[in-house]
Amino acid sequence: MDATVQRSRRIVFFLVPNFSMIAFATAIEPLRLANRHLGQQYYKWRLVTETGSPGLASNGVKVAVDGSLEDEKRLFHSDERPDMFFVCSGVFVEKYESKALNSWIRQLHRGGVTVGAMCTGAWILAKAGLLDGRRCAIHWENLPGFAEAFPEADVYADLYEVDRNIYTCAGGTASLDMMLSLIDADHGDTVVNRVCEQALTDRVRSPQDRQRLPLRARLGIHNSKVLTIIELMEANIAEPLSLVELARFAGLSRRQIERLFRRTMGRSPARYYLELRLDRARHLLLQSNLPVVEVAVACGFVSASHFSKCYREFYGRSPLTERRERESAT
């Protein structure tokens, strides 16, 4: 697309307290590099917080901004009206409440402005009611809690998703890939390739590329049968499969699975499965406001008391204590 005959694309980045610096930086830098190659300020951006005070990233760095939400409202009917509005958030996103932001996002969306989110920002778009029936992406660590809190959203553990005029990405360096897709749509692969060369990245990842390392690399094991069983376990947390069912799917006997796990994982398959479920439960406790009993059910425990007992034995504290410590940290 010929940038010389098209006006600049104006993008607003809204910084939520504790936003992810890596997600923000890898979103804005490819735009700068594209401008450098194009020889003009095709992409223009401004940074906004709710009050106009500096944005505080989760790493403790403060970022100066250009204005407040009220300033944005005044600019909406001017030549500075944004084409895109991205919410950048990070840890503790589920605790962030802003009726003003939710209302403004809905107004932008109704007004034809493309809205988007980076890292955990899909949580805020969902609160604003924009993700019902829409495909979206969120950081894998927040996905279990998000899926429980917003069952109408079509959430995936993808790097990024573009569903009509709503952009979401999982954060980290996935912001780079999402912005490269935008640059490609605007200017084609020649500009994208130049940006990649400057950013020292050797390829453009597709939206459906993995967020996490494959199991083989993540766990450091190579036995295909064990990997198959673990994949089955991870896919069946709320309704755990029995050892007999796992054995049947893997084409092994129960005794063979027991031996394989003790040799490769250092514990029984039942213990490993329990640890997976407790890990999922911990993410739900830290990344959602679900009652403890609902967390227990979502992770395949028959009762809250049994869940609490297992959790305390593994983590050394009760689920309620875990949640109280999370709340005191915010």
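Residue indices begin from 1 for each chain and proceed along its sequence in written order. Given that this is a predicted model, residues contribute local features only at a pLDDT of at least 70 and side-chain atom pairs are listed and counted only at 80 or more, while totals for whole chains, interfaces and linings are drawn from all residues. With hydrogens and water excluded, all non-hydrogen atoms of the structure serve as input to the side-chain values.

**Some thoughts on the overall build of the chain**
Secondary structure elements are taken from DSSP: a helix is a run of H or I of four residues or more, a strand is a run of E of two residues or more, and numbering for both begins at the N terminus. Assigned secondary structure in the chain consists of 15 helices and 10 strands. Dimensions along the principal axes, computed over C-alpha positions, put the chain at roughly 70 × 40 × 35 Å. Buried, partly exposed and exposed residues are distinguished by accessible area as a fraction of the type maximum, computed with a 1.4 Å probe on protein chains only: under 20%, between the cut-offs, and over 50%, respectively. Residues counted as buried form 50% of the 330 residues belonging to the chain. Should any heavy atoms of two residues lie within 4.5 Å, those residues are considered in contact. Within the chain, contacts between residues separated by at least 24 positions form 65% of all contacts whose residues are at least 6 apart in sequence. As displayed, the chain has an accessible area near 15,700 Å², and 49% of this comes from carbon and sulfur atoms. Just so you know, the count uses Lys and Arg for positive and Asp and Glu for negative, and it drops His and the chain ends. For charged residues, the charge sits on one atom: NZ in Lys, CZ in Arg, CG in Asp, CD in Glu. Counting 44 positive and 39 negative side-chain charges, the chain places the centres of these two groups 6 Å from one another. Here the open area of atoms and residues is found with the Shrake-Rupley method and a 1.4 Å probe, where only the protein chains shown may cover a residue.

**Thoughts on the pairing of strand 2 (residues 43-48)**
DSSP-based pairing: two strands are paired if at least 2 bridges between them are found. As defined by bridge partners, strand 1 (residues 9-15) adjoins strand 2 across six bridges and the pair is classed as parallel. What sits directly across from arginine 10, in strand 2, is lysine 44. One crossover worth recording links strand 1 to the parallel strand 2 by way of helix 1 (residues 21-38), and it is right-handed. Handedness of a crossover is defined as follows: orient the strands so they point away from the viewer, and if the path from the first strand over the helix to the second runs clockwise, the crossover is right-handed.

**Observations concerning the confidence of the model for the chain**
Looking at any residue, its pLDDT shows the predictor's confidence there, from 0 to 100. Of all residues in the chain, 95% have pLDDT values of 70 or greater, and the mean over the chain is 91. Predicted confidence in the chain is weakest over helix 8 (residues 215-219), with a mean pLDDT of 69, and strongest over strand 5 (residues 84-88), with 98. The low-confidence segment residues 1-5, where pLDDT is below 50, has eight contacts with residues more than four positions distant or belonging to other chains.

**Observations concerning the sheet that holds strand 5**
Judged by pairing direction, the sheet is mixed, and its six strands sit side by side in the order 2-1-5-6-10-9 without closing on themselves. For this open sheet the edge positions go to strand 2 and strand 9 (160-163), each flanked by a neighbour on one side alone. Looking at each pair of strands side by side, their axes are set apart by 15° on average, direction ignored. Orientation is described by axes fitted as lines to C-alpha atoms, over the contacting stretch for helices, and by angles from 0 to 180 degrees between their N-to-C directions.

**Details of helix 9 (residues 224-235)**
Here, expected helix span is obtained from the residue count minus one, scaled by 1.5 Å. A rise of 1.5 Å per residue sets the reference length of helix 9, with its 12 residues, at 16 Å; its end C-alpha atoms lie 17 Å apart and thus fit the reference within 8%. Counted as a polar contact is a pair of N or O atoms within 3.5 Å, where, for protein atoms, one must be capable of donating a hydrogen and the other of accepting one, and residues adjacent in sequence contribute only when both atoms are in side chains. Near the N-terminus of helix 9, the side chain that reaches the backbone nitrogen of lysine 225, with its oxygen 3.0 Å away, is that of asparagine 223.

**Some points on helix 6 (residues 174-187)**
In this model, helix 6 (14 residues) spans 20 Å end to end at C-alpha, consistent with the 20 Å of a helix rising 1.5 Å per residue. Across the 14 residues of helix 6, 11 count as buried, placing the element largely inside the fold. Among the residues of helix 6, Ala174, Ser175, Leu176, Asp177, Met178, Met179, Leu180, Leu182, Ile183, Asp186 and His187 are the ones counted as buried. One or two residues past the end of helix 6 sits glycine 188, with phi positive at roughly 90°.

**Section: the packing of aromatic side chains**
Here a Phe, Tyr or Trp ring, Trp counted by its six-membered ring, pairs with any other such ring whose centre lies within 6.5 Å, and the pair is stacked when the planes are under 30 degrees apart, edge-to-face when over 60, and tilted otherwise. One pass over the structure, following the stated rule, counts 15 aromatic pairs. Ring geometry for tyrosine 311 and tyrosine 315: centres 4.6 Å apart, planes at 40°, overall tilted. Remark: tyrosine 315 and tyrosine 311 occur in helix 14 (residues 304-315); sequence separation between them is four residues, near one turn of the helix. Here, a charge over a ring means that NZ of Lys or CZ of Arg falls within 6 Å of the ring centre while also lying within 35 degrees of the ring normal. Cation over ring: arginine 135 sits above tyrosine 156, and NZ or CZ is 3.8 Å from the ring centre.

**A short note on the environment of leucine 227**
Along the chain, leucine 227 falls in helix 9. For leucine 227, a relative accessible area of 7% translates into the label buried. Note: C-alpha distance between leucine 227 and tryptophan 123 (104 residues apart in sequence) is 31 Å.

**Side note on the pairing of strand 1**
Across the seven residues that make up strand 1, a large majority, seven, are buried. The alternating pattern of strand 1 places Arg9, Ile11, Phe13 and Leu15 and Arg10, Val12 and Phe14 on opposite faces, both of which are buried.

**Observations concerning the pattern of salt bridges**
Basic side-chain nitrogens of Lys or Arg form a salt bridge, by our definition, when they fall within 4 Å of a carboxyl oxygen of Asp or Glu. This model, assessed by the stated rule, comprises 18 salt bridges. The closest approach of N and O atoms between lysine 127 and glutamate 97, which form a salt bridge, is 2.9 Å. Linking lysine 127 in helix 4 (residues 122-127) with glutamate 97 in the loop between strand 5 and helix 3 (99-110), this pair joins segments that are 30 residues apart in sequence. Judged by relative accessible area, glutamate 97 falls into the exposed class, the value being 58%. Ionic contacts of the salt-bridge type, sharing partners, join the residues Arg10, Arg46, Glu72 and Glu80 into one network.

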